Amino acid sequence: MARQAPPRRRPGELSFAGRRRLFVVGAVGLAGLLLWGLAGLPDFSTFTPVYGQVLNRVAVEERSTTDVVTAVNFDYRGFDTLGEEFILFAAVLVLGLLLRALAEERRGKIDDDAPRRHPGKTSDAVRLTTVALVGPTVLLAIYITAHGHLTPGGGFQGGVIAATALLLVYLGGDYAAMRRVRPLTLVTTAKAAGAGGFVLIGLGGLIFAGAFLQNFLPLGQPGHLVAAGTIPLLSLAVGLEVAGGFVLLLSELLDQLLVLRRRRERRSQ
Amino acid sequence: MSFLPYVVAVWVCVIGLYGIVTSRHLIHAIICLSVVQSSTYVLLLAIGYRKGYAAPIFIDIPRSTKAVDPVVQALTLTDVVVGGAVTALLLAIAVQLDKHLGTLDPDELDPLRD
Amino acid sequence: MIAVQVVALLLVALGATATVMARDPVRQAVVASLYGLTLGVLFFAFQAPDVALSNIVIGAVALPAMIMLAIAKTRN
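Residues numbered from 1 in each chain as written. Chains lettered and ligands numbered in written order. Predicted model: local features only at pLDDT ≥ 70, side-chain atom pairs only at ≥ 80, totals over all residues.

## Overview of unusual backbone geometry
Residues and elements named next belong to chain C. Of note, Q47 is a non-glycine position whose phi angle comes to about 65°, a positive value. As for its placement among the helices and strands, Q47 is situated in the loop between helix 2 (25–45) and helix 3 (49–74). For Q47, a count of 23 C-beta atoms within 10 Å translates into the label buried. (Helix = DSSP H or I, 4+ residues; strand = E, 2+ residues; numbered from the N terminus. Buried ≥ 20, exposed ≤ 12 C-beta atoms within 10 Å, placed from the backbone.)

Okay, here's the thing in structure tokens:
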């Protein structure tokens, strides 16, 4: 890579060592302030926030949810999760916009090539292992998402696990297969459906129960798979959104990489 | 000893900031930023923890069991996922910078150059 | 505080330091992945399996993968 001339220091600019010295002074001050502030907190393991203890007492009865963290995420503080979900949505959107210039160069440059093209040489052992792992990974993602209200897990974790299945296909070395398993229009639709579904279920609460994101479906028995009203549905919506979002993030980064490698190959020929 | 989690949280935060300040590579700086962020996870979960209390999952323990705080855990959970997305966004910005300016050294990024 | 928590906390402090000190981004991605795992262990010790699960998936798998892709793209 062609390096530019060594950085010239502008007038008044600190040298690297000077910057580090200045930072050490500031960091000692910052750490001191932080520790001073934290010293005012109750000692570790001596304090229990009341709100959390109340939720621990009532959540199982009130919402038929055995995982209280999921109940907080998708019910008691569901509105916060809505905000978080849209942060993710916006981040993926902006990433797509940022990388779009290269995406346009991509069009028609990879599709016209031989179907089984992959830049690296992948050994059979790696291919076999990754192919064998794709199914269980997707299954695990579905399991984690569906059991969010029973055991640790939920849409956030399940969604990311589903997206890593795509990485496995890529590691298996079959780029054509990777393009087939992630039809981007469908992925984008799933992501939008996840984000929209969360809002729609929230509106359902407004219409049928009187408050946005109020749990309005039958609650069933604690410990059952079909229970907890809207919580599993909201978890599924988040799962779709997160899986779609992370698949898009990884795809945007992957596709560009292949275009760049491709150009280098051409140049060297 | 009862102060150790807070000390670790402060250490993680400050060492991450040190990495950002002394970084010579933007991708390195971005990872350091995610280290700074992880200090908040340690702090939040340490505040909610109580010795002898169970995890707030009542699938196979009696409902009257005392459990640690679920609210800070829910906060941290979404923080982790959103942090991942934001880091990806920053990486994309770094990639674009590299494409347009041909360097990722913060010292070579001249604000006056177009 | 139980021994597992002390060990996990010290490992996290060490892992954060190692992640910052690894100056080559490729090595740093691998170290960051290990750091994500130690954070996951700490969260288990803090009785937070939900957070541990999500940090292991994101911090130890998704994030290093994205970093590697970004590095590969900026090394032309």
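Moving on from the model shown.
## Overview of the environment of G210 of chain A
For G210 of chain A, the location among the structural elements is in the loop between helix 9 (184–208) and helix 10 (231–268). C-alpha of G210 of chain A to C-alpha of F16 of chain A: the two residues are 194 residues apart in sequence and 60 Å apart in space.

## A short note on helix 9 of chain A
Residue and element names in this part refer to chain A. Taking 1.5 Å per residue, 25 residues should reach 36 Å; helix 9 reaches 35 Å between its end C-alpha atoms and fits that length. Listing the buried residues of helix 9 in full gives V187, A190, K191, G194, A195, F198, I201 and G205. Two residues or fewer after helix 9 comes G210, characterised by a positive phi angle close to 95°. (Expected span 1.5 Å × (residues − 1).)

## A word on the interface of chain A and chain B
The interface is formed by 47 residues belonging to chain A together with 41 residues belonging to chain B. Broken down by secondary-structure element, the contributors of at least two residues to the side of chain A that touches chain B are helix 1 (16–39), helix 2 (50–63), helix 3 (68–76), helix 4 (78–98) and helix 10 of chain A. (Contact = placed C-beta atoms within 7 Å.)

## Observations concerning the interface of chain A and chain C
Size of an interface: often given as the accessible area lost when the parts come together. Counting residues at the interface gives 21 residues for chain A, matched by 16 residues for chain C. Elements with a contribution of two residues or more to the side of chain A that touches chain C: helix 7 (155–171) and helix 10 of chain A. For the side of chain A that touches chain C, the element with the most residues is helix 10 of chain A, which contributes nine residues. Residues that form the side of chain A that touches chain C fall into these classes: 15 nonpolar, five polar and one charged. (Nonpolar A, V, L, I, M, F, W, Y, C, P; charged D, E, K, R; others polar.)

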